[in-house]
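An overview of the molecular structure
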Amino acid sequence: MTLPPLLWVTAFLLAPYLLMFCYSFWSVSPTQSIVHSWNLDNYAQLLRVDVYWQTLLRSMWIAARVTVFSLLLGYPLAYFLSFYTEKKKDLLYQLVIIPLWVSYLVRAYAWKTILGSDGVLNTLLQYVHLTKHPLEFLLYSPFAVVLTLTHIYTPFAFLPIYAALEHIPRNLVEASHDLGATPGQTFWKVIFPLSIPGVLAGATFAFVLSLGDFLAPLLLGGPSGIMISNIVVSLFGAAYNWPLGAAISLCMLLLVVSLLFFSERLEKKWSFS
Amino acid sequence: MTAVRDAVAGILCRPLLRIRNVAKNFGKNKVLRNISLDVAEGEFLTILGESGSGKTTLLRIIAGFESASAGEVWMGDERLDRQPPYRRRVNTVFQHYALFPHLTVEQNVAYGLRVAKRPEAEISSRVAEALEKVKMSVHAKSKPSKISGGQQQRVALARALVNRPRLLLLDEPLSALDANLRRQMQVELKSLQREVGISFIFVTHDQEEAMVMSDRIALLRSGELEQVATPREIYGRPSTAYAAQFIGHTNLLKGEVRAGVSRCGPLTWQTSLPDGPVLFSLRPENVRLGAENTVLSDGVRVRGKVLHQAFHGATELIRVDCGDGLVMVVRTSGSGGALDTVDLEFSAADAVLVRESPERI
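First, a word on scope: everything that follows refers to the structure included in this document. Residue numbers here run from 1 along each chain, matching the order of that chain's written sequence. Key to labels: chains lettered from A, ligands numbered from 1, both in the order written. Confidence filtering applies because this is a predicted model: local features only for residues at pLDDT of at least 70, side-chain atom pairs given and counted only at 80 or more, and all residues used for totals across whole chains, interfaces and linings. Derived side-chain values reflect all non-hydrogen atoms in the structure, with water molecules and hydrogen atoms excluded from consideration.

**Considerations on the overall build of chain A**
Here a strand is any run of E in DSSP of at least two residues, a helix any run of H or I of at least four, and the numbering for each starts at the N terminus. From N to C terminus, chain A includes 12 helices and two strands. Listing each helix as α and each strand as β along chain A from the N terminus yields α-β-β-α-α-α-α-α-α-α-α-α-α-α. Dimensions of chain A, computed from the C-alpha atoms along their principal axes, are close to 75 × 65 × 35 Å. Taken across its 273 residues, chain A has 44% of its residues classed as buried. For chain A, contacts bridging at least 24 residues in sequence account for 67% of all contacts bridging at least 6. When the accessible surface of chain A is split by element, carbon and sulfur atoms take 74% of a total near 15,300 Å². Positive residues here are Lys and Arg, negative ones are Asp and Glu, while His and the chain termini are left out of the count. Taken as the charge location is NZ of Lys, CZ of Arg, CG of Asp or CD of Glu. Between the averaged position of the 14 positive side-chain charges in chain A and that of its 12 negative side-chain charges there is a distance of 2 Å. Remark: exposure states derive from per-residue accessible area (1.4 Å probe, protein chains only) relative to the maximum for the residue type, with buried under 20%, exposed over 50%, and partly exposed in between. Note on definitions: a residue-residue contact is assigned when non-hydrogen atoms from the two residues lie within 4.5 Å. Computed with a 1.4 Å probe, the accessible areas rest on the Shrake-Rupley method; for each residue, only the protein chains presented here act as cover.

**Brief notes about the pairing of strand 11 (residues 251–258) of chain B**
Residue and element names in this part refer to chain B. Taking every second residue as pointing to the same face, the buried face of strand 11 carries N251, L253, G255 and V257, while none of L252, K254, E256 and R258 on the other face is buried. By this definition, two strands are paired if DSSP reports at least two bridges between them. When strand 11 meets strand 14 (residues 276–282), the two strands line up antiparallel, connected through seven bridges. The residue of strand 14 that forms the bridge with N251 is L282. As paired elements, strand 11 and strand 12 (residues 261–264) share three bridges and run antiparallel to each other. Its bridge partner lying in strand 12, V257 is registered against S262. Hairpin connection between strand 11 and strand 12: a loop of two residues separates the two successive antiparallel strands, and A259 in this loop has a positive phi of roughly 55°.

**Concerning the interface of chain A and chain B**
Contacts between the two partners involve 20 residues from chain A, matched on the other side by 24 residues from chain B. Buried area: the sum, over both parts, of the accessible surface (1.4 Å probe) that disappears when the two are put together. Summing both partners gives a buried area of about 1,900 Å² for chain A against chain B, and 64% of it is carried by carbon and sulfur. Ranking the residues of chain A by area buried against chain B places E174, D178 and L179 of chain A at the top, with a combined share of 36%. We count a salt bridge whenever a side-chain nitrogen from Lys or Arg sits within 4 Å of a carboxyl oxygen from Asp or Glu. Inspection of the chain A/chain B interface yields one salt bridge. For E174 of chain A, the salt bridge goes to R60 of chain B, with nearest N and O atoms at 2.6 Å. Polar contact criterion, stated in full: a pair of N or O atoms within 3.5 Å, where within protein one must be able to donate a hydrogen and the other to accept it, and residues adjacent in sequence count only if both atoms are side-chain atoms. Taken together, chain A and chain B are joined by seven residue pairs in polar contact (both at pLDDT 80 or more).

**Observations concerning the environment of S176 of chain A**
Mapped onto the fold, S176 of chain A is located in helix 8 (residues 170–178). The exposure class assigned to S176 of chain A is buried, which follows from its relative accessible area of 0%. Separated by 13 residues in sequence, S176 of chain A and K189 of chain A have C-alpha atoms that sit 8.7 Å apart. In contact with S176 of chain A, not counting residues within four places along its chain, are A181, T186 and V190 of chain A together with F100 and Y111 of chain B.

**Side note on the sheet that holds strand 4 (residues 70–75) of chain B**
All names here are of chain B. Taken in spatial order, the four strands make up an open sheet running 2-1-4-5, and their pairing is antiparallel. Two strands in the sheet have a free side with no partner beyond their single neighbour: strand 2 (29–39) and strand 5 (78–79). Pairing between strand 1 (residues 17–26) and strand 4: five bridges, direction antiparallel. Note that in strand 4 the partner of A23 across the bridge is A70. Axis angles are defined between N-to-C directions and span 0 to 180 degrees, where every axis is a line fitted to C-alpha atoms and, for a helix, only to the segment in contact. Against the sheet, helix 2 (residues 55–63) engages strand 1, strand 2 and strand 4, with an angle of about 120° to strand 1.

**Thoughts on unusual backbone geometry**
Negative phi characterises most residues that are not glycine, and trans characterises most peptide bonds. Even without glycine at this site, Q32 of chain A takes up a positive phi of about 65°. Mapped onto the fold, Q32 of chain A is located in the loop between strand 1 (27–28) and strand 2 (34–35). The residue K117 of chain B is not glycine, and still its phi comes out positive at about 55°. Tracing the chain through its elements places K117 of chain B in the loop between helix 3 (105–115) and helix 4 (120–133). Judged by its relative accessible area of 67%, K117 of chain B is exposed.

**Examining the packing of aromatic side chains**
Paired rings are identified among Phe, Tyr and Trp, the last through its six-membered ring, by centres lying within 6.5 Å, and are further divided according to the angle between planes into stacked (under 30 degrees), edge-to-face (over 60) and tilted (the rest). In the structure shown here, the tally under the stated rule is 31 aromatic pairs over all chains. Ring geometry for F25 of chain A versus W38 of chain A: centroids 6.4 Å apart, planes at 35°, classification tilted. Within this pair, whereas F25 of chain A is found in the loop between helix 1 (3–23) and strand 1, its partner W38 of chain A is found in the loop between strand 2 and helix 2 (41–48), the two being separated by 13 residues in sequence. Relative accessible area serves as the criterion here: at 17%, F25 of chain A is assigned to the buried category. Among the residues examined, W38 of chain A registers a relative accessible area of 56% and is labelled exposed. An aromatic cluster of at least three residues, connected via ring pairs, comprises F21, Y23, F25, W26, W38, Y43, F236, Y240 and W242 of chain A. Seen from the ring of Y235 of chain B, R283 of chain B lies directly overhead, with NZ or CZ sitting 3.9 Å from the centre. A ring has a charge above it when a Lys NZ or an Arg CZ is no more than 6 Å from the ring centre and no more than 35 degrees off the ring normal.

Note that all results are geometric; they support no functional claim without further evidence.
Written as structure tokens, this is what we have:
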């Protein structure tokens, strides 16, 4: 019974990872063929060539900002939905979820139409004479990437926070008021601490998903908004340097896995059932 | 002189809590209707009722978790029902305790004092004292999930009492405990209440619990107060058929009075009641078994056939068919064996006139 799933995991998950692991220690010959000789050159190159580690750092910085903004948007939304809506709760919940059904590409292009030089926003700003020329930083910049990714990943931050808030027994809130705590004190002393597992899960989703994103930077990032996945894509494509691409991918994988590990440890520490 | 004395007496005896004409509707559902009730300083009042009688809603209105659709709640000179729950000097022990799972026992108890921003030294001494009082000092550093239900109950009590409320509300706090622990907690709770001298409003559906603990019982039925009285009075002189049946066992004798004689099936006795239909409540323990020779001056006698005997240890309940559609339940201190035909006797004075309790929706 357990054999088919095991085979599935081996064939489609473990084998590719193993292959990638091997590739990261191989190299490319000047004639553009893979040389199966084991060495650490790819990893050395990662540290030596500025563009790689700088892009990795920038990607982390972008992901960190996306995480913070997604939480700042997702938490109040989840809190409002969980505590201050009754009959309309399901409808509002669906409204938050619906964007997830819309193609990622459509949403990214939508931002392009909004932020471009002839886009909705610039046209409007010039029409009301707030600006004379189109604002150039709006599109093809890290700003555009952070904005788009925040839009796309806020529901991912919202969902676990909402679930955590829904799990807080309401009599705890009543007990807190009963003991003299104002609504503000109740939020910071009871509701927020009990929602931390949800916040951690939401933050992990937003960070991990946006760290590995390559479409938003490709469509809206421009040269200054390049992220690490764009480099991996080009290394596996036009640049034809699979070994280096594999090495970068492996580093990211390591980063993500350790992040998941720590956030899970933290979530356990903060959950009380 | 007397006017002054009356005024002083009025202030001294003024109830702590006054509930005036409180009603609560959830949509079309009338959960509470025209409730007026006073609670004295230091009194242990029990709100007794079946599930759905509105007792928890009444408690929640006093605590401030629900707002009344009509009526007023006063504490001293203060209109309570317009204050948010966190401004009321009322604390609640919740049905499922509602301890904060992320805080230790000690932090739970300290919560009210912390949010009131009391000095840290005062907090620690009052918390220690409160935990001492409920015998939970050894568990001070434990999380609520690590202690038993009975212990959580004590912590919930300490958490409420540490704030020295003027009134403590308890929402079926013992219902989650097993029978033995429950009885033990009843005694402890009552003696604790005497010790701290705070007014308690205790909500329960368990009539025995209400009888054991309360100074007064307010019996609630379908959102209306049926009777408010001491346990002895409500048991001995129930005012309605519902009250008589809900608190303890009783025999309801339906009949009518004509020309100074009460007639309920085969039973007749002299009475001073006016003519008309009547309903009496007669407690099973007020009926004597095997009364061949009358000892009571106002004794009413009847002979019947034993239908059923239920042995309860100290007492035995016997159902007797007295003919004419009348079945009486008799409590004896042990009949000593199987019975067939028996003579019953009771004092006419023990048959308490009660009002019918019409069906309510």
